[in-house]
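# Notes for the structure review
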Amino acid sequence: MNPLLDTVITVMAFILIGLAVVPLLLVGLGALASYFDLRIAGPILAVAVRLVTLQWISGGVVNVVAGLALAALGIWAVLHFDPPLHRILGAALVPFGLWRIFRGVAVLRHWTKPDTP
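Attention here is on the structure that accompanies the text.

### Topic: the packing of aromatic side chains
All chains considered together, the criterion is met by three aromatic pairs. Aromatic pair tyrosine 35 and phenylalanine 36: ring centres 5.1 Å apart, planes at 75°, arrangement edge-to-face. Residue tyrosine 35 is classed as exposed on the basis of its relative accessible area, which comes to 65%. A ring pair is formed by tryptophan 76 and phenylalanine 81, whose centres lie 5.5 Å apart and whose planes are at 75°; its orientation type is edge-to-face. Classification of tryptophan 76 as partly exposed rests on a relative accessible area of 42%. A relative accessible area of 34% means that phenylalanine 81 is categorised as partly exposed.

### Here's the deal with the packing of helix 2 (residues 41-80) against helix 3 (residues 84-112)
Between helix 2 and helix 3, the shortest axis-to-axis distance is 7 Å and the interhelical angle comes to 160°. The orientation of helix 2 with respect to helix 3, classified from their angle, is roughly antiparallel. As for how helix 2 packs across helix 3, the hand of that crossing is left-handed.

### With respect to a nonpolar patch on the surface
A surface patch of nonpolar side chains, amounting to about 670 Å² of accessible area, comprises Leu29, Leu32, Tyr35, Phe36, Leu38 and Ile40. The topology assignment puts phenylalanine 36 in the loop between helix 1 (3-35) and helix 2. Take phenylalanine 36: its relative accessible area is 53%, and that puts it in the exposed class.

What counts, and at which threshold
Residues numbered from 1 in each chain as written. Predicted model: local features only at pLDDT ≥ 70, side-chain atom pairs only at ≥ 80, totals over all residues. Heavy atoms only, no water. Phe/Tyr/Trp six-rings, centres within 6.5 Å; stacked < 30°, edge-to-face > 60°. Buried < 20%, exposed > 50% of the residue type's maximum accessible area, 1.4 Å probe, protein only. Axes fitted to C-alpha atoms, helices over the stretch in contact; angles between N-to-C directions. Helix = DSSP H or I, 4+ residues; strand = E, 2+ residues; numbered from the N terminus. Parallel < 35°, antiparallel > 145°, perpendicular 65-115°, else oblique. Left-handed = near helix turned anticlockwise from the far one by under 90°. Patch = residues over 30% accessible without salt bridge, like charges linked within 9 Å, V, L, I, M, F, W, Y side chains within 5 Å. Areas by Shrake-Rupley, 256 points an atom, 1.4 Å probe, with all protein chains shown as cover. Salt bridge = Lys/Arg side-chain N within 4 Å of Asp/Glu carboxyl O.

Here it is in structure tokens:
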């Protein structure tokens, strides 16, 4: 396999793991700072809120991309496989991919709309 591709996949994996873990660690650190009545608790929780927002937005993007890939794979399978069972299984991927796209777009619309009272 290409070493550059291995590096890109590794970096993306670490970014996704960091997006999943760092906000939770900051919430725990903020709770600990709040327990000891430290003034830094507020800013820590503010950063945690921004990171959770980034986490949701990145999750929405991942859902859209994965949904597109699943729908495309299903269409490709329907067009290229001969046995009817394989075509049916490929066709089953299309609604699942469309569902993931719908959910990803819903998350992105929710988190990117401005806060208006």
